[in-house]
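In case you want the letters, here they are:
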Amino acid sequence: MIDETIAEIREMQTHSSSVVAVKATQALSELAARDHATVEEFERDLERNASALKRANPSHASLFNAMETILVNVVDRKDTVEEAKELLDEVIDRVVEDVREGKSRAAQKAVPTFEDGETFLTHDYSSTVLEAVETAAGEGRDLTAYVTEARPRFLGRKTARRLATVGGIEPHLLVDGAAGSFLGECDRVIVGMDCILQDTLYNRVGTYPIVATANHLGVPVTVVGSAAKIVDDGFVFENQYRSPAEVSLEPVEDVLIENPAYDATPTDLIDQVITDNGVREP
C-alpha cells in the first residue's frame, strides 16, 4: 500500500497539498499490520517510509509537516511494539483531521475580515478563499470579485464560474496581464497559499507580480490557508515545471518554453496571513 501510494503521490501534480498529505498519512497505517520484533525496528520502518513519502512530492509543505508530526509524536514515545502501533493509529487520526479541517477553520477565520461592499482581486483557484468568500456573502455582505484567469491552466475561470452561482457576489474575469489595470479599484488582494517557508510565499505562478503591483499601488494583500502549510526548518521547496504543451500545443522552433507551476513572493509584501490559528502579520 505504501509503495503504491508513493507512486500515486508522484503523479498527483494537480491535487491540493491537503489531499496529498491525507493520502500519505493514511498509508502509514499499513505499518501496524506488519511484523516487528522490537519497537526500534518498528520505528526504523516508520522513519524510512515517512521519508519516502516526503520525497514523493517535495513541493508540498502539508505533506512534509504531516510526516514530521507523525515522527515527532510516535518515535521514542512507547516501550513496546504494540503500544507504539496503537499510538501511530491515534496520531494518524489526529493528523488527518487537522489537515482536513485546517482549511475550513482558516476560511472561517477569514470571514470577519470581509466588509459589505468590498471589492477584491483573487488569483487562481483556492478552495479556502472560496469558502471564506461564499460564507461572507451568505452572511449578507455584497462583494465584487476580480478573478484572474491563472494561465496557462485557466483555473481562475473555475473560480469565476463558482462565484457566479453565489448570491451577493459580482464576479469579473480578467486575463492575468490586466491585473494591474484593475487593482486600483480593489480594496485588497486575497489569495491562497501552497506554502510559506520562512520569508517566502510559494503559490500558483502569477501571484508574485500581482502582489508586487498591489504593494506598489498601496492595495493590502491577504493570504489564507491552513497552518499546516507554514514550515520553518528542514523543508526545501521544489518547483514543478509542467508540460510545454499547456503553453503551446505545437512546438515553437528554437524556443524553450518555460512553464513553472509556482512562483516565490517575499512575505514583506503581504499585509495579513490568516490560518486556522488566527490572523497575523507575516
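Please refer to the structure placed before this passage.
Residues numbered from 1 in each chain as written. Predicted model: local features only at pLDDT ≥ 70, side-chain atom pairs only at ≥ 80, totals over all residues. Heavy atoms only, no water.

Asker: Describe the packing of helix α1 (residues 2-11) against helix α2 (residues 17-27), and please don't skip the residues or the numbers.
Answerer: The N-to-C vectors of α1 and α2 enclose an angle of 165°; their axes lie 9 Å apart at closest approach. With respect to α2, the axis of α1 lies roughly antiparallel. Handedness of the α1/α2 crossing: left-handed. Between α1 and α2, the contacting residues are I2, T5, E8 and I9 on the first element and V20, K23, A24 and A27 on the second. When its residues are assigned to classes, the contact of α1 with α2 shows 5 nonpolar, 1 polar and 2 charged. (Axes fitted to C-alpha atoms, helices over the stretch in contact; angles between N-to-C directions. Helix = DSSP H or I, 4+ residues; strand = E, 2+ residues; numbered from the N terminus. Parallel < 35°, antiparallel > 145°, perpendicular 65-115°, else oblique. Left-handed = near helix turned anticlockwise from the far one by under 90°. Contact = heavy atoms within 4.5 Å. Nonpolar A, V, L, I, M, F, W, Y, C, P; charged D, E, K, R; others polar.)

Asker: Give a detailed account of helix α7 (residues 155-163), specifying residues and quantitative values.
Answerer: For α7, the set of buried residues is G156, T159, A160 and L163. The buried residues of α7 occupy an angular sector of 95° when the element is viewed end-on, so they sit on one face. Buried-residue contacts for α7 involve β1 (119-123), α6 (127-138), β2 (143-148) and β3 (169-174). (Buried < 20%, exposed > 50% of the residue type's maximum accessible area, 1.4 Å probe, protein only. Arc of directions from axis to C-beta.)

Asker: Explain the pattern of salt bridges residue by residue, including any values.
Answerer: Scanning all chains against the criterion turns up 14 salt bridges. Of the charged contacts in the structure, one is a salt bridge between R105 and D98, with a shortest N-O distance of 3.9 Å. Overall, the relative accessible area of 44% leaves D98 in the partly exposed class. Here R105 and D276 are joined by a salt bridge, their closest N and O atoms 4.0 Å apart. You can see R105 sitting in helix α5 (residues 81-110) and its partner D276 sitting in the loop between β10 (272-275) and β11 (278-280), a full 171 residues away along the chain. The exposure class assigned to R105 is partly exposed, which follows from its relative accessible area of 34%. Each member of the salt-bridge network shares a partner with another, and the members are E30, R34, D45 and R48. (Salt bridge = Lys/Arg side-chain N within 4 Å of Asp/Glu carboxyl O.)

Asker: Account for the environment of V219, naming residues and giving values.
Answerer: One can find V219 in the loop between α9 (207-217) and β7 (221-224). Judged by relative accessible area, V219 falls into the buried class, the value being 7%. Sequence-wise, V219 and F120 are 99 residues apart; in three dimensions their C-alpha atoms are separated by 9.7 Å. With near-sequence residues (within four places) excluded, V219 lies in contact with L183, C186, D187, R188, V189, A214 and D271.

Asker: Give me the lowdown on the packing of aromatic side chains, citing residues and values where you can.
Answerer: To describe a pair of aromatic rings, one takes the distance between the centres and the angle between the planes. Evaluation of the coordinates by the stated rule reveals 5 aromatic pairs. Between F237 and Y262 the ring centres are 5.6 Å apart and the planes differ by 80°, which places this aromatic pair in the edge-to-face class. Taken together, the residues span a long stretch of sequence, with F237 in the loop between β8 (230-231) and β9 (262-266) and Y262 in strand β9 at a distance of 25 residues. Across the pair, exposure class does not vary: F237 and Y262 are buried alike. An aromatic cluster is present here, built from Y202, F237 and Y262 joined pairwise through their rings. A cation over an aromatic ring shows up here: R157 above the ring of F154, its NZ or CZ 3.9 Å from the ring centre. The ring of Y125 has K158 lying over it, and the distance from NZ or CZ to the ring centre is 4.3 Å. (Phe/Tyr/Trp six-rings, centres within 6.5 Å; stacked < 30°, edge-to-face > 60°. Lys NZ or Arg CZ within 6 Å of the ring centre and 35° of its normal.)

Asker: Let's hear about the pairing of β3: which residues, and what values?
Answerer: Where β2 and β3 come together, 6 bridges link them in parallel fashion. Pairing of T144 across the sheet is with E170, part of β3. (Pairing = 2+ DSSP bridges.)

Asker: Now, about the packing of helix α3 (residues 39-56) against α5: what can you tell me, with residues and values included?
Answerer: Closest axis-to-axis distance for the α3/α5 pair is 8 Å, and the angle between their directions is 30°. In terms of their interaxial angle, α3 and α5 are classed as roughly parallel. For α3 against α5, the interelement crossing comes out right-handed. Facing α3, whose interface residues are V39, F42 and L46, α5 presents V81, A84, K85 and L88. Considered class by class, the residues forming the contact of α3 with α5 number 6 nonpolar, no polar and 1 charged.

Asker: So what's going on with the environment of E258? Which residues, and what values?
Answerer: Structurally, E258 is set in the loop between β8 and β9. Under the relative-accessibility criterion, E258 is labelled exposed at 58%.

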